[in-house]
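Inside the fold
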Protein chains: 2
Amino acid sequence: MGLPVRKSKLAPPPACPLTESLALLRGAWAPNVIWYLSGEPRRFGELRRDIPRISARVLSARLRELESRGLVSRHPLDTSPPSAEYALTELGRELLPAINALARVGQKLIAEWDSRASVGKMARVVG
Amino acid sequence: MGLPVRKSKLAPPPACPLTESLALLRGAWAPNVIWYLSGEPRRFGELRRDIPRISARVLSARLRELESRGLVSRHPLDTSPPSAEYALTELGRELLPAINALARVGQKLIAEWDSRASVGKMARVVG
DNA sequence: GCACCATGGTATCCAATGGTAACCATGGGC
DNA sequence: GCCCATGGTTACCATTGGATACCATGGTGC
């Protein structure tokens, strides 16, 4: 048997700006993590509670990926059960306008659903 | 044998605006598809060429998902090899500001890399 | 000293997603 | 009759993500 064929996995010059910024956000929950870090720095357990459906495994992986991409910085704290704080870097903050734009669309969608639901149910909720 | 245990897969009210808009964009290449549809309607083969690294399988799946989410509309054409055109719906257009914000970040990143590369290479590119 | 707790993870296992490549259906050109 | 282009679909496999259990550290109650 010869050598196994190496599938090149080449990533030829994309240079598509959308592809570049999406590469920063790749991975499950990445935008949510950035969203919840956009205020103050937060700790691992806080982020777990912020994003209830994330698993510790994925949160851990995502934080290390975001750190390696330069979007997030990690600061271990010398507390009794050793803990750590995560914060957005300046590069991470550059993504906030885009994430805010996404959130605005989401708010609009939620508002539309709510108004239609209240119409459909004859305004069970006061409004 | 009894019924297979149904893992509830519950999606309890997230109501996080970011989660809502990301649900619209879920799936590989979804933002790119919207990006390339943001001008004129485009055909399947055109999108394949626009996004060279997408596979036909995923493009097909993504278009049908985006259609079912109401972001994209499909218009079959009565041509000799039957073809189809895809266009953004109004809901799809509401995502364009967010996608443009992402693209702006990507452009900035590319510009920074370029300028650093040209400095590192002693400005091979005139600038 | 020792059990027990909280924090911040890892290890293991399985399901869903995406990629590759091959194939199919239609109708026109040669 | 055969091949081609378009617009997909199918089969198969690698990677990613999720659920859950577990581990390491050090503090606290006793």
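Here we summarise the structure given alongside this text.

Reading guide: rules and limits
Residues numbered from 1 in each chain as written. Chains lettered and ligands numbered in written order. Predicted model: local features only at pLDDT ≥ 70, side-chain atom pairs only at ≥ 80, totals over all residues. Heavy atoms only, no water. Near = heavy atom within 4 Å. Polar contact = N/O pair within 3.5 Å; in protein donor to acceptor, adjacent residues only side chain to side chain. Helix = DSSP H or I, 4+ residues; strand = E, 2+ residues; numbered from the N terminus. Nonpolar A, V, L, I, M, F, W, Y, C, P; charged D, E, K, R; others polar. Contact = heavy atoms within 4.5 Å. Buried area = accessible area lost by both parts, 1.4 Å probe. Salt bridge = Lys/Arg side-chain N within 4 Å of Asp/Glu carboxyl O. Core = buried A, V, L, I, M, F, W, Y, C linked by side-chain atoms within 4.5 Å. Buried < 20%, exposed > 50% of the residue type's maximum accessible area, 1.4 Å probe, protein only. Pairing = 2+ DSSP bridges. Axes fitted to C-alpha atoms, helices over the stretch in contact; angles between N-to-C directions.

This part covers the protein's contact with DNA strand D. Surrounding DNA strand D, one finds 21 residues, the nearest of these being Ser60, Arg64, Arg74, Ser83 and Tyr86 of chain B. Restricting the count to atoms of DNA strand D within 4 Å of the protein gives a sugar and phosphate share of 80%. Trp29 of chain A places a polar side-chain atom, nitrogen or oxygen, 3.1 Å from a phosphate oxygen of DNA strand D. Gly45 of chain B is positioned with one of its backbone polar atoms (N or O) 3.3 Å from a phosphate oxygen of DNA strand D. Contributions of two or more residues to the surface near DNA strand D are made by helix H4 (56-68) of chain A together with helix H3 (44-50), helix H4 (56-68) and strand E3 (83-88) of chain B. Looking at the surface near DNA strand D element by element, the count peaks at four residues for H4 of chain B. Here the surface near DNA strand D is composed, by residue class, of nine nonpolar, five polar and seven charged.

The subject of this paragraph is the interface of chain B and chain A. Interface size is often expressed as the accessible area that is lost when the parts come together. At the interface, 34 residues of chain B touch 34 residues of chain A. Approximately 2800 Å² of surface area, both sides summed, lies buried where chain B meets chain A, with 76% of it carried by carbon and sulfur atoms. Inspection of the region where chain B meets chain A yields two salt bridges. Between Glu94 of chain B and Lys108 of chain A there is a salt bridge whose closest N-O contact spans 3.4 Å. Inspection of the chain B/chain A interface yields six residue pairs in polar contact (both at pLDDT 80 or more). Of all the secondary-structure elements, those providing two or more residues to the side of chain B that touches chain A are helix H1 (17-24), helix H2 (30-37), helix H5 (90-94) and helix H6 (96-120) of chain B. Here the element with the most residues in the side of chain B that touches chain A is H6 of chain B; it accounts for 13 residues. For the side of chain B that touches chain A, a count of residues per class yields 25 nonpolar, five polar and four charged.

In terms of nonpolar packing, the biggest core is built from 55 residues, with Ile34, Val72 and Leu95 of chain A together with Ile34, Val72 and Leu95 of chain B touching the most fellow members. For Leu95 of chain B, the contacting residues outside a window of four places in its chain are Leu102 and Val105 of chain A together with Leu24, Leu25, Ile34 and Leu71 of chain B.

Let us look at unusual backbone geometry. Even without being glycine, Trp29 of chain A reaches a positive phi, approximately 75 degrees. With respect to the helices, strands and loops of the structure, Trp29 of chain A is situated in the loop between helix H1 (17-24) and helix H2 (30-37).

Residue and element names in this part refer to chain A. Tallied over the entire structure, the rule returns ten salt bridges over all chains. Here Arg116 ties to Glu112 by a salt bridge, and the two come within 3.9 Å at their closest N and O atoms. Here Arg116 and its partner Glu112 are both found in helix H6 (residues 96-120), four residues apart, which amounts to about one turn of the helix. A cluster of three or more residues bridged by salt bridges with shared partners is formed by Arg62, Glu65 and Arg69.

Another aspect to go through is the sheet that holds strand E1 (residues 42-43) of chain A. Residues and elements named next belong to chain A. Judged by pairing direction, the sheet is antiparallel, and its three strands sit side by side in the order E1-E3-E2 without closing on themselves. In this open sheet, the two edge strands, each paired with only one partner strand, are E1 and strand E2 (72-77). Relative to strand E3 (residues 83-88), E1 runs antiparallel, the two sharing two bridges. When the sheet's bridge partners are listed, Arg43 is paired in E3 with Glu85. Those strands touched by H2 are E1, E2 and E3, and its axis lies near 95 degrees from that of E3.

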